[in-house]
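Here's the letter readout for the chains.
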Amino acid sequence: MTIVAIDGPAGSGKSTLARLLSRRLGYLYLDTGAMYRAIAYLALQDGVALDDEASLATLTRNAHLAFDESGHMLARDRDVSEEIRRPAVSAAVSEVSAHAHVRDILVAEQRRIAAAGDVVMEGRDIGTVVCPAAEVKIFLTAAPKVRAERRRKELVTAGEHVGSNEMLAAIEARDAFDSGRAVSPLRRADDAVELDTSPLTIAQVLDSMERIVRERLHQRR
Ligand code: DC
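In what follows, the accompanying structure is described. Not measured: the values here are computed from a predicted model.

## Some points on the side chain of Lys-14
1) Next: Considering the arrangement of structural elements, one finds Lys-14 in helix α1 (residues 14-25).
2) Next: Buried within the structure, Lys-14 lacks any salt-bridge partner; its nearest side chain of opposite charge belongs to Glu-122, at an N-O separation of 4.3 Å.
3) Next: Not counting chain neighbours up to four residues away, the residues in contact with Lys-14 comprise Ile-6, Asp-7, Gly-8, Pro-9, Glu-122, Gly-123, Arg-124 and Leu-140.

Structural data, given as structure tokens:
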């Protein structure tokens with residue numbers, strides 16, 4: 001059983017690349033950010049205050065999170081994969097994911113899914129907290145401007161129009177929050193390979209990631 005841990009900030013290309021890498025390797029793909037997003041979405045739906053840790057923990061325990069065969073996020077037995085990408089959810093998710101009780105429940109769930117087989121797991125704390133013993137760890141980065149532009153284009157494709165400056169400010173605010181929080185802050189694991197994706201195409205990064213995985217696995221034999 002092999003775990004490939006992919007961490008990095010918003011817009012570093014993690015989701016696209018982790019998904020493509022999992023297909024190349026024939027591994028399961030686990031997007032842990034989608035789980036935090038689903039909880040933020042349910043909290044907004046239910047009108048639960050984002051600073052009410054006890055209520056958020058109860059909501060998390062009862063959320064019935066799961067992924068269907070095509071990787072869509074299910075919550076309370078409903079496909080929420082589109083809703084969780086909305087700007088309102090993006091704006092709420094950092095605060096939700098900063099609560100230790102919410103994290104404990106989701107991390108336990110993530111470890112359970114990871115135990116099922118070979119997996120590419122993507123998030124902020126996979127290499128440091130969720131699976132510190134992962135065989136391969138990759139930390140993806142990119143300049144804030146590049147990341148903001150990527151996110152903006154994704155939103156435009158989804159029909160949401162956001163200005164460049166507004167997007168950059170949102171990305172920088174989320175970076176600061178995710179890196180500065182007390183519980184499991186975004187941090188590169190000491191044994192992770194760091195890849196700056198700013199000047200590279202998706203195909204180039206994917207090739208590098210595959211090379212890193214194959215080298216690491218070869219070294220371990
Ligand atoms: O990768 P993403 O943008 O979908 O992640 C959404 C939020 O969830 C992000 O603000 C940080 C948080 N997150 C986290 O704290 N730990 C993870 N393993 C994954 C995401």
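## Regarding the site of the ligand
1) Next: Looking at the ligand, there are 17 residues lining it, with Arg-37, Arg-103, Arg-124, Asp-125 and Arg-181 nearest.
2) Next: Within the side chain of Ser-94, a nitrogen or oxygen atom sits 3.2 Å from an oxygen atom of the ligand.
3) Next: Within the side chain of Asp-178, an N or O atom sits 3.2 Å from an oxygen atom of the ligand.
4) Next: Within the complex, 100% of the 450 Å² of free accessible area of the ligand lies under protein.
5) Next: Considering each element in turn, the shell around the ligand owes the most residues, four residues, to helix α2 (residues 32-46).
6) Next: Residues of the shell around the ligand, tallied by class, amount to two nonpolar, five polar and 10 charged.

## Observations concerning the packing of helix α4 (residues 87-97) against helix α8 (residues 164-180)
In a pair of packed helices, the angle between the axes and the distance between the axes together describe the arrangement.
1) Next: Taken N-terminus to C-terminus, the directions of α4 and α8 make an angle of 15°; their axes are 10 Å apart at the nearest point. As judged from the angle between their axes, α4 and α8 are roughly parallel. In this structure, α4 meets α8 at a crossing whose hand is left-handed. Contact residues: α4 offers Ser-90, Val-93, Ser-94 and Glu-95, while α8 offers Arg-174, Phe-177 and Asp-178.
2) Next: For the contact of α4 with α8, the per-class residue count stands at two nonpolar, two polar and three charged.

## Some remarks on the environment of Arg-61
1) Next: Looking at the secondary structure, you find Arg-61 in helix α3 (residues 53-61).
2) Next: In this structure Arg-61 comes out as exposed when scored by relative accessible area, which is 55%.
3) Next: C-alpha separation for the pair Arg-61 and Ile-39, spaced 22 residues apart in sequence, amounts to 9.9 Å.

## A word on the environment of Ala-49
1) Next: Locating Ala-49 in the fold gives a position in the loop between α2 and α3.
2) Next: Judged by relative accessible area, which is 38%, Ala-49 ranks as partly exposed.

## Considering the sheet that holds strand β2 (residues 28-31)
Two orientations exist for strands paired in a sheet by backbone hydrogen bonds: parallel and antiparallel.
1) Next: Reading across the sheet, the five strands line up as β2-β6-β1-β7-β8 and stay open at both edges, with parallel pairing between neighbours. Two strands lie at the open edges of the sheet, namely β2 and β8 (193-196), each paired on one side alone. Pairwise comparison of adjacent strand axes, ignoring direction, gives a mean angle of 20° for this sheet.
2) Next: Pairing analysis gives four bridges linking strand β1 (residues 3-7) to strand β7 (residues 136-141), with the strands arranged parallel. Bridged to Val-4 within β7 is Val-136.
3) Next: Along the sheet face, helix α9 (residues 202-220) touches β1, β7 and β8 and points at about 155° away from the line of β7.

## Focus on the pairing of β7
A regular strand places its side chains on the two faces of the sheet in alternate fashion.
1) Next: Where burial is concerned, most of β7 is hidden: six out of the six residues are buried.
2) Next: With burial as the criterion, each face of β7 is covered, one bearing Val-136, Ile-138 and Leu-140 and the other bearing Lys-137, Phe-139 and Thr-141.
3) Next: Two elements, β7 and β8, share four bridges in a ladder whose sense is parallel. What sits directly across from Thr-141, in β8, is Asp-196.

## Some words on the environment of Arg-76
1) Next: Examined against the element boundaries, Arg-76 turns out to sit in the loop between β4 (73-75) and β5 (78-79).
2) Next: On the basis of relative accessibility, which here comes to 38%, the residue Arg-76 falls in the partly exposed class.
3) Next: When the C-alpha atoms of Arg-76 and Ala-63 are compared, they prove to be 5.4 Å apart, with 13 residues separating the residues in sequence.
4) Next: The residues contacting Arg-76, other than those within four sequence positions of it, are Leu-42, Asp-46, Leu-59, Asn-62, Ala-63 and His-64.

Procedures and definitions
Residues numbered from 1 in each chain as written. Predicted model: local features only at pLDDT ≥ 70, side-chain atom pairs only at ≥ 80, totals over all residues. Heavy atoms only, no water. Helix = DSSP H or I, 4+ residues; strand = E, 2+ residues; numbered from the N terminus. Buried < 20%, exposed > 50% of the residue type's maximum accessible area, 1.4 Å probe, protein only. Lys, Arg positive; Asp, Glu negative; His and termini not counted. Salt bridge = Lys/Arg side-chain N within 4 Å of Asp/Glu carboxyl O. Contact = heavy atoms within 4.5 Å. Near = heavy atom within 4 Å. Polar contact = N/O pair within 3.5 Å; in protein donor to acceptor, adjacent residues only side chain to side chain. Areas by Shrake-Rupley, 256 points an atom, 1.4 Å probe, with all protein chains shown as cover. Nonpolar A, V, L, I, M, F, W, Y, C, P; charged D, E, K, R; others polar. Axes fitted to C-alpha atoms, helices over the stretch in contact; angles between N-to-C directions. Parallel < 35°, antiparallel > 145°, perpendicular 65-115°, else oblique. Left-handed = near helix turned anticlockwise from the far one by under 90°. Pairing = 2+ DSSP bridges.

All quantities given are derived from atomic positions and should not be read as evidence of function.
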